[in-house]
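The lines below spell out each chain.
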Protein chains: 2
Amino acid sequence: MSILVVGSVAFDDITSPSGSVKNILGGAATYFALAASYFTQVRVVAVVGDDFGPEQECVFHKHGIDTRGIERAKGKTFRWGGSYAGNLNEAKTDFTDLNVFQTFQPQIPKEYQDTEFLFLANIQPTLQANVRREMQGVSLTGCDTMNYWINRTPKELAETLKLVDVLLINDTEAKMLAGETNLPRAAHKVLAMGPQALVIKHGEYGATIFFRERAFGIGRHPFRAPALPLEEVKDPTGAGDSFAGGFMGYVASQKAVNREVLKRALFYGSVMGSFAVERFGTEGLQVLTRAEIDARFETFRELTHLE
Amino acid sequence: MSILVVGSVAFDDITSPSGSVKNILGGAATYFALAASYFTQVRVVAVVGDDFGPEQECVFHKHGIDTRGIERAKGKTFRWGGSYAGNLNEAKTDFTDLNVFQTFQPQIPKEYQDTEFLFLANIQPTLQANVRREMQGVSLTGCDTMNYWINRTPKELAETLKLVDVLLINDTEAKMLAGETNLPRAAHKVLAMGPQALVIKHGEYGATIFFRERAFGIGRHPFRAPALPLEEVKDPTGAGDSFAGGFMGYVASQKAVNREVLKRALFYGSVMGSFAVERFGTEGLQVLTRAEIDARFETFRELTHLE
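All values reported here derive from a predicted model rather than from experimental measurement.

Draft legend 1. Structural detail: the pattern of salt bridges. All names here are of chain B. Evaluation of the coordinates by the stated rule reveals 32 salt bridges over all chains. Of the charged contacts, one joins Lys22 and Asp13 as a salt bridge, the two residues approaching to 3.7 Å between their closest N and O atoms. Given a relative accessible area of 62%, Lys22 falls into the exposed group. Judged by relative accessible area, which is 17%, Asp13 ranks as buried. Glu278 serves as the salt-bridge partner of Arg296, at 3.1 Å between the closest nitrogen and oxygen.

Okay, structure coming up:
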């Protein structure tokens, strides 16, 4: 099955205690696409500028990612600079130059209309909703958002949430969206806004999936996947998008979507997030094999499984 | 098998978003003893004042806890007041009246000398070391400590750590003790200080156990137990001590101590912590049956186990 991701492609400058890099390929759609490419056929809708050349395109093509939906606009590609100190849990944004991303209007190529799965990376909620409405044939839609949209465009976001099946956000975003400090209570409030399932990412502590009653079958919930305690975290940038890529990519690779598939997907999300943070930028996602991914999946399973 | 806990018995005033209580039975040794009592025979060494009467003693006796080691001193019992707001993750201490606890010198009754397991709750490290040296016959010693001793008495604490088998502390304490912000690296530094195993508690995200190489058998490590996402957290006081009671109590109930037992113990620790926080004070630990505990153990297992 194929999956379409709509979101940002960017150039990043990143500084962490492990070093510093400049002008490396980044953006939510990039991390997502690379992570998902190990599981399924990936298509991308994004916008880039004149500075996006064959070198960058090659990163996508090496992983069989369809880039026909990446629009070339006049000007520069979206650029972001961020720094991490100490515990690496939070990025300090050094600069954000939206450039061609500022006026991004997602255009879905005709050849993409038959895509079965859709992931709306973190962009303005109305753009997300428009894409979802255009892609009537998708069987499952995943979605990300952030504090900025939760605070600034709550009405637009509420409309988008009615159109998505799985929302993937972090603890802070879930609590803010629900106006509730208790996590499971926040989860139930968010589910009441529309999604059938809600994945809450806990950073170094893993992620939890909550389900609406009877959504994707019957079963106890929630379900939690751990994160691997990693000795070396070089660069947390893109961890959440890589998580989403592993999660959605695995789901898209399965014949049916049920709770057991979504639970395994949660583990694959954690796995891809762990590979992403071990190197700078997308480097950790570029050099993998499916065998390495499955070996780490087993490590994650052993991390919490009793005999 | 029997287990001896040495630590505080106290009266607490607690305020949380769910309400307020005064003069309720508390203290690390109390939470530990109640939690462990569902698994094994528990003995307590502590000090109380004139205000500790039959009503309080009865709470211990109802759970078959041996209180011959609770010394009666002239004066008042240790009193603590704390408040929780918002996300309940941190207590604001309103007052601490050490009272008779200020000059606590643990006295081990002769009848306790044959105890097989020992837990040194959070008290001054030299007192912990003295107890450990006196109890030469124990087969396994667990230990807790806190930021106060890590900062104020690092040398004394270092001596104590050489004498214990399992240290149970939280993320912040582990990082502070190791002088290291990365959790697994911090864990390895702490293990090099003496313990064979280190349990790091993550609050609402569960706990991780790290092992010294070849300690308690061979196997991959670390291992992680989740915490149950609870809709109702009334009072987080004593969660860590209840965790320790479930963990050590389960270990003491088993024929041998190996990695599989310690992994299951980590789950039982999380289980007892979850019961503790659902009601005020020790109330959540007083009304349980072993069947309820095992049912929640299965819920925890299902929370992370793939089919």
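Moving on from the coordinates now.
Draft legend 2. Spotlight on the interface of chain B and chain A. With 38 residues of chain B at the interface, the matching set in chain A holds 38 residues. Each partner contributes to the roughly 3500 Å² buried at the junction of chain B and chain A, and carbon and sulfur atoms together form 50% of this total. If you sort the residues of chain B by the area they bury against chain A, Tyr205, Arg224 and Leu306 of chain B come out on top, with a joint share of 23%. At the boundary of chain B with chain A, the tally comes to 0 salt bridges. Where chain B meets chain A, there are 22 residue pairs in polar contact (both at pLDDT 80 or more). Only helix H6 (171-178), helix H7 (183-191), strand S12 (207-211), strand S13 (223-225), helix H9 (259-277) and helix H11 (290-304) of chain B provide two or more residues apiece to the side of chain B that touches chain A. No other element matches H11 of chain B, which puts 6 residues into the side of chain B that touches chain A. Split into classes, the residues belonging to the side of chain B that touches chain A amount to 14 nonpolar, 10 polar and 14 charged.

Draft legend 3. Spotlight on the relation of the copies chain B and chain A. With an RMSD of 0.0 Å, the fit of chain B onto chain A corresponds to turning through 180° and sliding 0.0 Å along the axis. Read as a symmetry element, the transformation amounts to a two-fold axis. A shared interface surface links the copies, since 100% of the contact residues of chain B are contact residues in chain A too.

Draft legend 4. Here's a closer look at the environment of Asp94 of chain A. Residues and elements named next belong to chain A. In this structure, Asp94 sits in strand S7 (residues 91-97). Accessibility expressed as a relative area gives 38% for Asp94, which makes it partly exposed. For the pair Asp94 and Thr15, spaced 79 residues apart in sequence, the C-alpha separation works out to 9.7 Å. A polar atom in the side chain of Asp94 sits 2.7 Å from the side chain of Lys92.

Draft legend 5. Just the sheet that holds strand S7 (residues 91-97) of chain B, in detail. Residues and elements named next belong to chain B. Taking strand neighbours across the sheet as the criterion, the 4 strands line up as S3-S2-S6-S7 in an open arrangement whose pairing is mixed. Lying at the two open borders of the sheet, with one neighbouring strand each, are strand S3 (19-26) and S7. The average angle at which neighbouring strand axes cross in this sheet is 15°, direction not considered.

Draft legend 6. Looking closely at the sheet that holds strand S12 (residues 207-211) of chain A. Residues and elements named next belong to chain A. One open sheet accounts for 9 strands, arranged S5-S4-S1-S8-S9-S10-S11-S12-S13; its pairing is mixed. A single partner strand is all that each edge strand has here, and the edge strands are strand S5 (66-72) and strand S13 (223-225). Adjacent strand axes in the sheet meet at a mean angle of 15° when their direction is disregarded. Relative to strand S4 (residues 41-48), strand S1 (residues 2-6) runs parallel, the two sharing 5 bridges. By the bridge assignment for S4, Leu4 is matched with Arg43. Set on the sheet, helix H3 (residues 125-134) makes contact with S1, strand S8 (117-120) and strand S9 (140-143); between it and S8 the angle comes to about 170°. Sitting on the sheet, helix H6 (residues 171-178) is in contact with strand S10 (166-170) and strand S11 (197-201), with an inclination near 110° to S10.

About the thresholds
- Residues numbered from 1 in each chain as written.
- Chains lettered and ligands numbered in written order.
- Predicted model: local features only at pLDDT ≥ 70, side-chain atom pairs only at ≥ 80, totals over all residues.
- Heavy atoms only, no water.
- Salt bridge = Lys/Arg side-chain N within 4 Å of Asp/Glu carboxyl O.
- Buried < 20%, exposed > 50% of the residue type's maximum accessible area, 1.4 Å probe, protein only.
- Contact = heavy atoms within 4.5 Å.
- Buried area = accessible area lost by both parts, 1.4 Å probe.
- Polar contact = N/O pair within 3.5 Å; in protein donor to acceptor, adjacent residues only side chain to side chain.
- Helix = DSSP H or I, 4+ residues; strand = E, 2+ residues; numbered from the N terminus.
- Nonpolar A, V, L, I, M, F, W, Y, C, P; charged D, E, K, R; others polar.
- Least-squares fit on C-alpha atoms with pLDDT ≥ 70 in both.
- Pairing = 2+ DSSP bridges.
- Axes fitted to C-alpha atoms, helices over the stretch in contact; angles between N-to-C directions.

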